[in-house]
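Topology and contacts: notes
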Amino acid sequence: MSGYLELVESALAAGSRVGALYASGGSVRTVIVSPHGATQIAEAPLRDGRAPSIVGLAPAAAWDEREAADLYGIRFDGHEPLRPLVHHDLDLAGWTVPVHGEDVYQVAVGPTHAGVIESGHFRFHVVGDRILQLDARLFYKHRGLERAAEGQSADGGLAYVGRACAACAVSNSVAYAHAWEELLGLAPTADLARGRTILLELERLWSHLNDIGAICAGVGFAAGNSGFAALTERARRLNERLTGHRFLFGAVQVGGSRFTLTRDDLAHARTELEELRAESRRAWRELLFNASFQDRLPDVGVVSAEDGRALGAVGPAARASGLPDDARAAGRRLAYDGFAAVAPRRTAGDVQARLEQRAVELLQTFDLLDDLLADPLDASAAVPGAPGAEAVGVGLVESPRGATVCVVERDGALIRRLHLRTGSYANWPVVAHAAAGNLLPDFPLINKSFELCYACADR
Amino acid sequence: MLTLLRDLRRLRRSIALPAPDRGRSLAVRHVDAGSCNGCEHELTLLAGPHYDLQRFGLGVVASPRHADVLLVTGPVTSRMREPLLAAYQAMPEPRRVAALGDCALGCNVLGLASELAGRVEDVLPVDLTIPGCPPKPAEIAAALLAFIDGAG
């Protein structure tokens, strides 16, 4: 039992991070991700339904342990108080952090919101307009996808991760395919790796365009929002032209790929991407020179590098705080040769930095697609590689919102346990942290600067 | 800013959406009852320059108190059943319910039966169904406009 804590502690000391933690059979398993993107599993066998908590070592695992407690009845020694996360049957005092003091009151928002927004509940503890503490209660959209996928085949399980979230459909599907291919001892061909990398970058393209527009919407800047909405629409039309689906649904398979690109497809894509690049640069410049927009961004929703690391921030949000991790640099099973993460000039960890991070990554995505779309793409099947002796397959992919881990444990050809921990899941506690100390009217802006999915956190 | 507005005007001209030809409007309240966020992402673009549904007086409102139609996405999860009913109960009569997307219609729903409350139709009386996974913005627009035209 102590070996578990020691393994986690030494891995963290060596610069690794906790990529996921989940309950499986008679144990709790922690996926540790090294700075180079290698993964290993630390396992704690349960004793009387209890496991040692790692939140003292890695606060980033707090939600994971709370979820395992709610859904699998595990008690974590040292995780006190162990508040519910997925279960909604406790009263307010049971799931919120108590905040007392003169003039402290609560503002409840959601689960339904005043617009086209996913469902989730935010409980703000405030004095006047100042947020002291934010307790987010998600999982209103919990569909039990992981448990429902148990007993499915590799192909059958794909829908459960693909439809977990439209905005991360490719990222989640590729992470799942990688997990299975690790189990089956399959390695990607060059075309398979390139095809999936193209799909991942097309997903990032529309997501980042959408997110920049969303930040404009977060301050009520309609012209910026409309401009980037138009670009998002064009990016989704390009997806449809290339794959038959605006969100690239169905474009990823396990053990191979049916995704092809002809010379006609390439010519169309390259022309469209050139125009999109020019227009998004132009629209971005307009945002830079809009003083009343820019004035809302700096020093709002600040996440320091130290806090970001402790809380397990990932993706553009983490990079905007000066944490350079980008799973693409590890390039596992994908075509990211020579990739280096980019960062804005000012990694202040505020709304402005998170917005700029999207902009620099967007340009990088155009460059990547330019290289990836040089040659036609044929359908391709994965080939036998390293022997697939492992009992646990792990996929790690950089989604538009950050590192996403998918774990598959198999029983022969069927899924025994599926676990999906997305970039959004990792970053939700960071949003709550970023909100504290800020003004309530700035919360929509702070929230939009992360632009996380509820769907793939709730599953 | 001026460049941005000029570009938007040019885009508007090139898309050349037809002028509104209806004298009616529809106030829509959206409730996500457990979707994958695909329907939401498409719905958001209906207000964008390529569709601009607001020119038909068709907009998303901030409260069910202001709404004619409750537009519901997702397979209704057990946790969203109550908030969905609360939104419906807050609406003034006459009120209508639209189920948006395959999940809301009970098609190919994934998940554990114990975490789901059923189709939208099992929870509320549904007046309009818009299938698709997710339905494209143009399909959503066509369905809502036909609904305006057909509503007494």
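Since the structure is predicted, the reported quantities are computational estimates derived from the model, not experimental observations. (Residues numbered from 1 in each chain as written. Chains lettered and ligands numbered in written order. Predicted model: local features only at pLDDT ≥ 70, side-chain atom pairs only at ≥ 80, totals over all residues.)

1. Side note on the overall build of chain B
Across its full length, chain B carries five helices and seven strands. Helices and strands appear in chain B in the N-to-C order α-β-α-β-β-β-α-β-β-α-β-α. With respect to the three principal axes, the spread of C-alpha positions in chain B is 55 × 30 × 25 Å. Within chain B, the proportion of its 152 residues that are buried is 47%. In chain B, the proportion of contacts linking residues at least 24 apart, taken out of those at least 6 apart, comes to 82%. (Helix = DSSP H or I, 4+ residues; strand = E, 2+ residues; numbered from the N terminus. Buried ≥ 20, exposed ≤ 12 C-beta atoms within 10 Å, placed from the backbone. Contact = placed C-beta atoms within 7 Å.)

2. Examining the overall build of chain A
Helix and strand counts for chain A stand at 17 helices and 15 strands. The buried share of chain A, reckoned over its 459 residues, is 57%.

3. Notes on the packing of helix H14 (residues 351-372) of chain A against helix H16 (residues 443-450) of chain A
Residue and element names in this part refer to chain A. Packing of H14 against H16 leaves a shortest axis separation of 9 Å and a crossing angle of 30 degrees. Judged by the inter-axis angle, H14 sits roughly parallel to H16. In the packing of H14 onto H16, the handedness of the crossing is left-handed. Contacts between H14 and H16 involve Val351, Arg354 and Leu355 from the former and Leu445, Ile446, Ser449 and Phe450 from the latter. Split by residue class, the contact of H14 with H16 holds five nonpolar, one polar and one charged. (Axes fitted to C-alpha atoms, helices over the stretch in contact; angles between N-to-C directions. Parallel < 35°, antiparallel > 145°, perpendicular 65-115°, else oblique. Left-handed = near helix turned anticlockwise from the far one by under 90°. Nonpolar A, V, L, I, M, F, W, Y, C, P; charged D, E, K, R; others polar.)

4. Details of the nonpolar core
Core analysis: the largest hydrophobic core is formed by 191 residues, its most contacted members being A:Cys165, A:Val407 and B:Val72. Considering every element that reaches this core, the biggest residue donor is helix H7 (residues 190-218) of chain A, with 14 residues. A:Cys165 has contacts with A:Asn172, A:Thr422, A:Cys453, A:Ala455, A:Cys456, B:Cys36 and B:Asn37, leaving out every residue within four places of it along the chain. (Core = buried A, V, L, I, M, F, W, Y, C linked by C-beta atoms within 7 Å.)

5. Section: H7(A)
Look at H7(A): 41 Å from first C-alpha to last across 29 residues, which is about the 42 Å you get at 1.5 Å a residue. Just past H7(A), the residue A:Gly220 takes up positive phi, approximately 75 degrees. (Expected span 1.5 Å × (residues − 1).)

6. Focus on the interface of chain A and chain B
Taken together, the contact between chain A and chain B spans 40 residues of the former and 41 residues of the latter. No other element matches the eight residues that helix H8 (residues 222-243) of chain A contributes to the side of chain A that touches chain B.

7. So, the environment of A:Asn438
Residues and elements named next belong to chain A. Examined against the element boundaries, Asn438 turns out to sit in the loop between helix H15 (423-435) and H16. Considering only alpha carbons, one finds Asn438 and Val97, 341 residues apart in sequence, at a separation of 18 Å. In this view, Asn438 contacts Ile131, Val300, Gly301, Phe443 and Ile446; residues no more than four positions away in its chain are not counted.

8. Some points on the pairing of strand E7 (residues 121-127) of chain A
Residue and element names in this part refer to chain A. Within E7, five of the seven residues are buried, which leaves the element mostly enclosed by the surrounding structure. Sheet topology note: the strand E6 (residues 105-109)/E7 ladder contains five bridges and is antiparallel. Considered in E7, the bridge of Gln106 is made with His125. In this structure, E7 lies alongside strand E8 (residues 130-137), joined through seven bridges in antiparallel fashion. Within E8, the position partnered with His121 by the bridge is Arg137. A loop of two residues connects E7 with E8, the two strands running antiparallel in sequence, and Gly128 in this loop sits at a positive phi of about 60 degrees. (Pairing = 2+ DSSP bridges.)

9. Quick notes on the sheet that holds strand E1 (residues 17-24) of chain A
Residue and element names in this part refer to chain A. A sheet is described by the order of its strands in space; here three strands give the open sequence E1-E2-E3, paired in antiparallel fashion. The outermost strands of the open sheet, each flanked by one partner alone, are E1 and strand E3 (39-45). Neighbour to neighbour, the strand axes of the sheet diverge by 20 degrees on average, direction disregarded. In this fold helix H2 (residues 62-72) packs onto E1 and strand E2 (27-33), with an angle of close to 5 degrees to the strand it touches most, E1.

10. Some words on the sheet that holds strand E7 (residues 128-130) of chain B
All names here are of chain B. If you walk across this open sheet you meet the five strands as E2-E1-E3-E5-E7, and the pairing is parallel. Taken across any chain shown, the strands that pair with only one partner, and hence form the sheet edges, are strand E2 (58-60) and E7. The sheet shows a mean angle of 25 degrees between the axes of neighbouring strands, direction not considered. Direction of pairing for strand E3 (residues 69-73) relative to strand E5 (residues 96-100): parallel, over a ladder of five bridges. Its bridge partner lying in E5, Thr73 is registered against Leu100.

11. Description of the packing of H7(A) against H14(A)
All names here are of chain A. Close contact between H7 and H14 brings their axes to 9 Å; oriented N to C, the two are set at 150 degrees. The orientation of H7 with respect to H14, classified from their angle, is roughly antiparallel. For the pair H7 and H14, the crossing hand works out as left-handed. In this structure, H7 contributes Arg194, Thr197, Ile198, Glu201, Arg204, Leu205, His208, Asp211, Ile212 and Ile215 to the contact, and H14 contributes Leu355, Arg358, Ala359, Glu361, Leu362, Thr365, Leu368, Leu369 and Leu372.

12. Quick look at H15(A)
Count 3.6 residues to each turn of an α-helix, and residues three or four apart come out pointing the same way. All names here are of chain A. Between its first and last C-alpha atoms H15 spans 18 Å; for 13 residues at 1.5 Å apiece the expected length is 18 Å, and the two agree. In the structure, H15 departs most strongly from a straight axis at Pro429, where the bend amounts to approximately 30 degrees. Burial in H15 covers these residues: Gly423, Ser424, Tyr425, Ala426, Asn427, Trp428, Val430, Val431, Ala432, His433, Ala434 and Ala435. Downstream of H15 by a residue or two, Gly437 has a phi angle that is positive, lying close to 90 degrees. (Bend = angle between axes of the 7 residues up to and from the residue.)

13. A closer look at the confidence of the model for chain B
Mean pLDDT for chain B: 93, with 99% of residues reaching 70 or above. Taken over the whole predicted complex, pTM reads 0.95, whereas the ipTM for its chain interfaces reads 0.94. (pLDDT = per-residue confidence, 0-100.)

14. Considering the domain arrangement of chain A
According to the domain assignment, chain A consists of domain 1 (2-77), domain 2 (92-137) and domain 3 (150-423). Computed from C-alpha atoms alone, the centre-to-centre distance between domain 2 of chain A and domain 3 of chain A is 31 Å. (Domains from an automatic or database assignment.)

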